[in-house]
Amino acid sequence: MIASIFTVLPQPRQVSPINLRRLALTTLQTLDGDYDLSETIFKDPNDPAWGQLQVALSACLPPNIVYNLTVYEVLGGTTQLYTPIKSISNAENLGVGTDSSSYLVASSNVTFNVIPEKIGEHEGGGTLYILNCSDTNGWWITGYTAQSLAEDLYRLLSPYFQATIMVQNTTELGQLLNGTALQNETLQNAVVINTFGEAVPIPAGYYASTDVGYDASQNSYAQYCHTLGRRVREYNWTWISIVGYPLYYVSNAGLFPNEQNTWGIYGMRCVGPAGLNAFLRGLDDQAYSYDSNGITGSPGVVYLSSDALEYCNYYGIYPSPYHTATRALPSSITSTYHLNVTTYVFDRVGNWTPGAVYRHQFPSDSNFTGALFALGLTRTPDIRLTTLGILGDYKPRLYPSEYTAAGTSRLVVLQFGQIGGV
Amino acid sequence: MTGTTIDHLVAVIVFLGAILLFISLFNQTIQTAITYQRHRYLATKCSDLLDDILLNPGYPTDWGKLNVTPTSFGLQDPEFTEYRLSPFSLMRLQSLTGTPFTYPRTGATYSNMSMGFGNFLFVPYTEAINYSMASQLLGTNNTYGFQLTITPIITVSISETHAANPLTLTIRVTGTGFPLSNALVSYCFLKVAEKGGQKNPSYTSLFNTTYTDNEGLAVATMPNVDADNAYAFIAYAHMSGLVGIGYYERATGYEEYVLPLIDSFEEKQVLLVHSYNVHDFSPPESSVFFNATFVLLTEDFTLREMPMENSTGKLGMVVYGQGTEKQYATLTIPTYNPGILIVTYESNNEYGVVLMPWGISSMAFPVSFGNDLSGREWVATDTRQVMVNNVVYQAKLALWTLEGYQVTS
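Residues numbered from 1 in each chain as written. Chains lettered and ligands numbered in written order. Predicted model: local features only at pLDDT ≥ 70, side-chain atom pairs only at ≥ 80, totals over all residues.

Student: Tell me what's going on with the overall build of chain B, and back it up with residues and numbers.
Tutor: From N to C terminus, chain B includes four helices and 23 strands. A burial count over chain B gives 45% of its 409 residues as buried. (Helix = DSSP H or I, 4+ residues; strand = E, 2+ residues; numbered from the N terminus. Buried ≥ 20, exposed ≤ 12 C-beta atoms within 10 Å, placed from the backbone.)

Student: Describe the overall build of chain A, naming the residues involved and giving the relevant values.
Tutor: What chain A contains, in helices and strands, is 12 helices and 20 strands. When each of the 422 residues of chain A is scored for burial, the buried share is 44%. Counting only contacts in chain A whose residues sit at least 6 apart along the sequence, the fraction spanning at least 24 positions is 72%. (Contact = placed C-beta atoms within 7 Å.)

Student: Report on the interface of chain B and chain A, specifying residues and quantitative values.
Tutor: The interface of chain B with chain A comprises 34 residues on the first partner and 33 residues on the second. At the level of elements, α1 (2-54) and β22 (380-388) of chain B are the ones that each hand at least two residues to the side of chain B that touches chain A. Top contributing element to the side of chain B that touches chain A by residue count: α1(B), with 10 residues. Residue composition of the side of chain B that touches chain A, by class: 16 nonpolar, 14 polar and four charged. (Nonpolar A, V, L, I, M, F, W, Y, C, P; charged D, E, K, R; others polar.)

Student: I'd like to hear about the sheet that holds strand β8 (residues 199-201) of chain A, residue by residue, with values.
Tutor: All names here are of chain A. Across the sheet, which stays open at both edges, the three strands sit in the order β8-β10-β11 with mixed pairing between neighbours. If you trace the sheet from one side to the other, it starts and ends with β8 and β11 (268-270), each paired once. Taking the axes of each pair of neighbouring strands and ignoring which way they run, one obtains an average angle of 30° across the sheet. (Pairing = 2+ DSSP bridges. Axes fitted to C-alpha atoms, helices over the stretch in contact; angles between N-to-C directions.)

Student: Please provide a residue-by-residue account of the pairing of strand β7 (residues 191-194) of chain A, values included.
Tutor: All names here are of chain A. By the alternation rule, side chains of β7 split into V191 and I193 and V192 and N194, which are all buried. Note that strand β5 (residues 127-131) and β7 share four bridges and pair parallel. Each residue of the ladder has a partner; that of L131, found in β7, is N194. Pairing between β7 and strand β9 (residues 238-241): four bridges, direction parallel. Looking at β9, one finds that I193 is bridged to I240.

Student: Lay out the packing of helix α6 (residues 146-157) of chain A against helix α12 (residues 383-394) of chain A in plain terms, naming residues and giving numbers.
Tutor: Residues and elements named next belong to chain A. Between α6 and α12, the shortest axis-to-axis distance is 10 Å and the interhelical angle comes to 35°. Here the hand of the crossing between α6 and α12 comes out right-handed. Residues L149, D152, L153, L156 and L157 of α6 form the contact with α12, whose participating residues are I383, T386, T387 and I390. (Left-handed = near helix turned anticlockwise from the far one by under 90°.)

Student: Any chance you could break down the nonpolar core for me, citing the residues and the numbers?
Tutor: Ranked by internal contacts, the top residues of the largest apolar core, which has 141 residues, are A237(B), V258(B), L272(B), L341(B) and V353(B). The greatest single-element share of this core, amounting to eight residues, is contributed by strand β11 (residues 231-239) of chain B. If you look at the next biggest cluster of nonpolar residues, it comprises 86 residues, including F256(A), A274(A), A328(A) and L377(A). (Core = buried A, V, L, I, M, F, W, Y, C linked by C-beta atoms within 7 Å.)

Student: How would you explain unusual backbone geometry if you had to name every residue and give the values?
Tutor: The omega angle of the peptide bond from R379(A) to T380(A) is 0°, so this bond is cis rather than trans. Locating T380(A) in the fold gives a position in the loop between β18 (371-375) and α12. Here the amide bond leading from Y59(B) into P60(B) is cis, since omega sits at -5°, within 30 degrees of zero. With respect to the helices and strands, the residue P60(B) is situated in the loop between α1 and β1 (84-85). Of note, N184(A) is a non-glycine position whose phi angle comes to about 60°, a positive value. With respect to the element layout, N184(A) can be found in the loop between α7 (170-177) and β7. Look at D285(A): it is not a glycine, yet its phi comes out positive at around 60°. Along the polypeptide, D285(A) turns up in the loop between α9 (274-283) and β12 (300-303).

Student: Explain helix α3 (residues 20-31) of chain A to me, using residue names and the numbers behind them.
Tutor: Residues and elements named next belong to chain A. Spanning 12 residues, α3 covers 16 Å between terminal C-alpha atoms, matching the ideal 16 Å at 1.5 Å per step. The element α3 is extensively covered by neighbouring structure, given that 11 of its 12 residues are classed as buried. Three or more residues of α3 are buried, namely L20, R22, L23, A24, L25, T26, T27, L28, Q29, T30 and L31. (Expected span 1.5 Å × (residues − 1).)

Student: Which residues make up the environment of Q147(A), and what are the values?
Tutor: Topologically, Q147(A) is positioned in helix α6. The sequence separation of Q147(A) and I130(A) amounts to 17 residues, and the corresponding C-alpha distance is 9.6 Å.

Student: Explain the sheet that holds strand β3 (residues 108-112) of chain B to me, and be specific about the residues and the numbers.
Tutor: Two strands in a sheet stick together by hydrogen bonds in their backbones, pointing the same way (parallel) or opposite ways (antiparallel). Residue and element names in this part refer to chain B. Read from one edge of the open sheet, three strands run β2-β3-β4, paired in antiparallel fashion. In the strand order of this sheet, the two ends are held by β2 (101-103) and β4 (122-124), each with one partner. If you compare each strand with its neighbour and ignore which way they point, the axes differ by 40° on average. When β2 meets β3, the two strands line up antiparallel, connected through three bridges. From the neighbouring strand, Y103 faces β3, where its bridge partner is A108.

Student: Lay out α9(A) in plain terms, naming residues and giving numbers.
Tutor: Of all 10 residues that make up α9(A), 10 are buried, and the element is covered over most of its length. The complete set of buried residues in α9(A) reads A274(A), G275(A), L276(A), N277(A), A278(A), F279(A), L280(A), R281(A), G282(A) and L283(A).

Student: Quick one: what's the story with the packing of helix α8 (residues 222-234) of chain A against α9(A), residue by residue and with numbers?
Tutor: Residues and elements named next belong to chain A. It is the contact of α8 with α9, at a shortest axis distance of 7 Å, that shows an interaxial angle of 30°. Once α8 is placed against α9, the crossing between them reads as right-handed. Facing α8, whose interface residues are A222, Q223, C225, H226, T227, L228, G229, R230, V232 and R233, α9 presents A274, G275, A278, F279, L280, R281, G282 and L283. Partitioned by chemical class, the residues of the contact of α8 with α9 number nine nonpolar, six polar and three charged.

Student: Run through the environment of P100(B), naming residues and quoting values.
Tutor: Residues and elements named next belong to chain B. Along the chain, the position of P100 falls in the loop between α2 (87-91) and β2. Overall, P100 belongs to the partly exposed group, with 14 C-beta atoms counted inside 10 Å. Separated by 13 residues in sequence, P100 and M113 place their C-alpha atoms 8.8 Å apart. Those residues in contact with P100 that lie beyond four places of it in its chain are T109, Y110, S111 and N112.

Student: Can you lay out the environment of A193(B) for me, pointing to particular residues and giving the numbers?
Tutor: All names here are of chain B. If you trace the backbone, A193 turns up in strand β8 (residues 184-193). Between the C-alpha atoms of A193 and T344, which are 151 residues apart in sequence, the distance is 9.4 Å. Excluding residues within four positions of it along the chain, A193 makes contact with P201, S202, Y203 and T204.

Student: Kindly report on the pairing of strand β6 (residues 163-167) of chain A, identifying the contributing residues and their values.
Tutor: Residues and elements named next belong to chain A. Alignment of β5 against β6, held across five bridges, turns out to be parallel. Residue L128 lies in a different strand from β6, and its bridge partner there is T164. In this fold, β5 hands off to α6, which returns the chain to β6; that crossover is right-handed. (Right-handed = clockwise from strand over helix to strand, strands pointing away.)

Student: An account of the confidence of the model for chain B is requested, with residue identities and associated values reported.
Tutor: The predicted model of chain B has a mean per-residue pLDDT of 88, with 94% of residues at 70 or higher. As a predicted assembly, this complex carries a pTM of 0.68 together with an ipTM value of 0.83. (pLDDT = per-residue confidence, 0-100.)

Below is the structure:
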């Protein structure tokens, strides 16, 4: 008797209950499956849509479930936080055992903003140069013009940089190589995107002169690429080649009016593999020597790395997850030229690296000095990959804007009760 | 002295009796309390297991579209979050209720999820996930038994109210015992054009929308339809996030027709076979000619026909016999978007239409998977509302323990 008095056993309903909280949550999610719930609860309380919501709610619940759905206005500031707007129910009371779920809904009129962190905000630099030279022709950018690519890159990347400068001609490029800013921007630690594919703009004058840009003994402009590599190291630039074999041609319509790249594109001259070799020697502060041996390979179909896929989701950039690489760089350049890979855009295939950011670092130096980001893919270029590689390497954070403005959010509380049984 | 001794004896006996009575009562209460606790634990386990199944896509995440055996079991649609289930993973569950059959031409046995004549879904056992495997992957084998049922919440039933010219169809849309008034109904009407002779049938299609009245009823009227015309009618009802599907077919012959059998999810291949091979009618009869098409539900809740190239095998013929003629045809569905495969057929001047969902939700087929729960001592259940490609279902899990305990009374 004493035991019976003091041992209170639960009611059968409590022993094996339906999880009303989960049922309420999934009901709300179902009703908002195509945003009908979100739309309805921002309508006038007398709108017929509320009636439809009640019909839908009644229609989708088991007969033994009673409900109360209440919508609250979410207010900010010092006023009351939640103000009831409307309540619909199919019972006077919900019995003794009830449970509820809540669902926060934002108005479709609300615009969410994401404010990106600026590259260079803390560590200095943060300038993006996009080569948009009107006196240069591109190669392996088939289907695009360098100018259209430059515009798209500007749109995609300028929010992430302190300053974005379009380099409009080779004269301005020469000015930059001389160490002179174009618009009082910070030259050091900048990112330079070459939108001309396998061709690189070459300024006339000093940078095309003998022993600076021109190798008279080889009748080649590979020495310009060496000078370019040196400048990249000196200014700690990140030089970006968006497609194909980097620095395979030099281009300046005024400098080479009668020369063509052997494929009929005038204003351009072939440098061949010697261009990249010279650039890497310049980047590593090695003396110039002419080396025309090709170093790239063709691993075929390559896949985005797991890091790159993660950045796709973070930055909302979704290129195809696989591409064809026919100009992938060999792993051996990292030891030959003191390069560290800081970001793999694509997974490596054997000894080939189809797309990666290589940062130069002297063995005795703790700092990086210059970088090359090369996408050794076949034409045509996908600038989303370029964007992904840059953002993945610098990793600027995204700050979602808050949306606590009055009238933009409403809270829906759905409370369920069970009828019948004990 | 003697009296004192007797008093002591009586006192000890009474005391022992009281102790035994107390222990007996207490023991009974404790046993009941323990059983209650076990039942309570079973209910919690049921809720957890249901969430495990519904909130996890399994591995590989898109196993529903592949011919692989998953190494982790889950039914969530990998392209979504929350309680949205993959229409293809659900198709791969071996049906608990349908009678399986073996197709003698290939020797394959099929799980039968069909919903009556003309609304077929057969999945080969080699592609279907059985209860034993799911139980093993969930870690419940030898400890718990379960039964999972996924049932559409909205019922769309269609009936003929006037058989011919004009054909009038009444569409009734209801929830769980409650009519869905003012719901948008989008429908597709497909009539078989009778050609006669040994030819592939052609068809005409009509797409339109209407609304239900206060009683959840809508009427669709089709001109130029005779009482002996074969047709199929598919209706989607939509209101406040709830979507339901109904279908109705009329054939002029019910013995010789084509049956669609899923052959490969990965290759999106379906075998179309002669009905005689399945039902073993006798004597052998004539070839069945067919013409297939595919319709899907668009994001604005209207139906749209998706053109199929001839290379998909949309036109063809199947025979019953063992000769050199083709005994079954292979058809490739052009997409992984859920939709309905519609196969019009003609044989010996008999016409008809058969439907097969591509993605379980396209025809709101229910799913019943797991073990039989009859005769179990205690069964805990829990439910969730889920969406399968926008179609609203109720998922219910029944769970019982296999470890054996019982209430003593």
